[in-house]
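Below are the chains, spelled out letter by letter.
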Protein chains: 2
Amino acid sequence: MATTKFSRQREAILRYLKSTTSHPTAELVYNEVRKSYPQVSLGTVYRNLNLLSENGSILRLQCGDGSEHFDATTASHPHLFCRECHSLIDLPGAVKPDLLSDIAADYRGRLESYSLMCFGLCEHCADLKRKVNDKKEDSYG
Amino acid sequence: MATTKFSRQREAILRYLKSTTSHPTAELVYNEVRKSYPQVSLGTVYRNLNLLSENGSILRLQCGDGSEHFDATTASHPHLFCRECHSLIDLPGAVKPDLLSDIAADYRGRLESYSLMCFGLCEHCADLKRKVNDKKEDSYG
DNA sequence: TGCAATAATAGTAATACTTCCTATTATGTT
DNA sequence: AACATAATAGGAAGTATTACTATTATTGCA
C-alpha cells in the first residue's frame, strides 16, 4: 500500500478549511493557499481535496450552483443555500440524530451518512424581504 | 415577459423523466429522447432540464459522482447513493414532515425546501455483503 | 387559412471544472 | 548521506455544461 507522506501544501489546504466557515470551492482554496505557496498548482489542490474528503477529513458539499464546496466541519450538519445571495451557510441547531434511523426502519439496505441541503433565504436576505414588504404595506395601506 | 411556448422535445424529456425511476443524467436523457427525436441536440436537453427544474417540474439531484441527475417526482424525498454499485435510488418511507420546521425553529431565515442525500449500501449490495460475510464465518469459524 | 412575431431548436464553438501526465522535488527510512 | 517513492508544478487532455447563430416551430391574430 502506498503510505501517505506529509506535504506542506496539503497541510495549508486543511489549515485554511479549518479556519473558515465559508465553504470555499476548489478555486477559492487555490487562491488562498497561493498566498503562502505561490507555486502551488490547481491540480495539487484538487488532488488533496479529493484525498482529504476520501479519508474523511473534510466534507464535499453540492448546492446546485455547479461547483463543489468544501467544509472541514465533518460532523453531518445541515446547510442552507440562499436563493437570493447564493451564499452557502451552516445552519445552527442539530438535525435529529435519528434522522437516518427513521428512514432505515423501512429499508433493507445500509444507511451510513447523509447530506442535508436546505434551500430558501438566509437571515440577511429574509430581513431585506421583510423590509421591502413593510414598505409596500405603507404605500398601499 | 417571454411566454413559454410548447415544444415537442421538452414534452418528450418530461415524459421520459416521468416514466422512469432511474434518475438519469442529462446524457442519458439525451440518448433516450434521441430515440423519438434523432435530431435533438444536447444543448436542447440541457436548456430544458434547466427550465423544467427552475419552474419546479423536476428535481435536480447531486450525489457527488460529478454529474447531475434528474427526477420528475418533485415532492422532497430522500435518496440513497450506493457506494458500492454507484446507483442512485429513491428511499421508501417518508422523511418526517417536520424535518425543516425542527431546523427552522432555531433560524431567523426562511427554509423552503431541502434535498436529503443518503450514502451507504443499496439493498442489493447490502445482501451481497451479508453473503460474503457468511462465507467468511464458514471458513474461519 | 395565412402571416407576422418570436420562442425554441440543431449544430457547433466556447467555457468551465476537473483529472491526467511527466519530469522534478520533498519526505521518510536505513 | 543515499535510496525509494509520494507529492508536486505545470501543462495537456477530458467532461460536463453553456453560449452563439441561423433556421424552424409555435402562437396569436387578421
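Residues numbered from 1 in each chain as written. Chains lettered and ligands numbered in written order. Predicted model: local features only at pLDDT ≥ 70, side-chain atom pairs only at ≥ 80, totals over all residues.

1. Some thoughts on the sheet that holds strand β5 (residues 110-121) of chain B
Now for step 1: Taken in spatial order, the six strands line up as β4(A)-β3(A)-β5(A)-β5(B)-β3(B)-β4(B) in an open sheet, and their pairing is mixed. The outermost strands of the open sheet, each flanked by one partner alone, are β4 (88-90) of chain A together with β4 (88-90) of chain B. Geometrically, the sheet is characterised by an average inter-axis angle of 30° between neighbouring strands, direction not taken into account.
Now for step 2: Here strand β5 (residues 110-121) of chain A pairs with β5 of chain B via eleven bridges, running antiparallel. By the bridge assignment for β5 of chain B, Ser115 of chain A is matched with Met117 of chain B. (Pairing = 2+ DSSP bridges. Helix = DSSP H or I, 4+ residues; strand = E, 2+ residues; numbered from the N terminus. Axes fitted to C-alpha atoms, helices over the stretch in contact; angles between N-to-C directions.)

2. Focus on the environment of Thr73 of chain B
Now for step 1: You can see Thr73 of chain B is positioned in the loop between β2 (68-71) and β3 (79-82).
Now for step 2: Accessibility expressed as a C-beta count within 10 Å gives 13 for Thr73 of chain B, which makes it partly exposed. (Buried ≥ 20, exposed ≤ 12 C-beta atoms within 10 Å, placed from the backbone.)

3. Comments concerning the protein's contact with DNA strand C
Now for step 1: Around DNA strand C, 28 residues are found, and the nearest of them are Phe6 and Gly43 of chain A together with Ser7, Val40 and Thr44 of chain B.
Now for step 2: Where the surface near DNA strand C is concerned, the elements lending two or more residues are α2 (26-36) and α3 (42-54) of chain A together with α1 (8-19) and α3 (42-54) of chain B.
Now for step 3: When the residues that make up the surface near DNA strand C are grouped by side-chain class, the tally is seven nonpolar, 14 polar and seven charged. (Near = placed C-beta within 6 Å. Nonpolar A, V, L, I, M, F, W, Y, C, P; charged D, E, K, R; others polar.)

4. Comments concerning the domain arrangement of chain A
Residues and elements named next belong to chain A.
Now for step 1: Structurally, chain A comprises domain 1 (1-74) and domain 2 (76-141).
Now for step 2: Here the C-alpha centroids of domain 1 and domain 2 sit 25 Å apart.
Now for step 3: Contacts between the two partners involve eight residues from domain 1, matched on the other side by seven residues from domain 2.
Now for step 4: Of the residues in the side of domain 1 that touches domain 2, the class split is two nonpolar, five polar and one charged. (Domains from an automatic or database assignment. Contact = placed C-beta atoms within 7 Å.)

5. Quick notes on the protein's contact with DNA strand D
Now for step 1: Around DNA strand D, a shell composed of 29 residues is seen, among which Ser7, Gly43 and Thr44 of chain A together with Phe6 and Gly43 of chain B lie nearest.
Now for step 2: Secondary structure elements with two or more residues in the surface near DNA strand D: α1 (8-19) and α3 of chain A together with α2 (26-36) and α3 of chain B.

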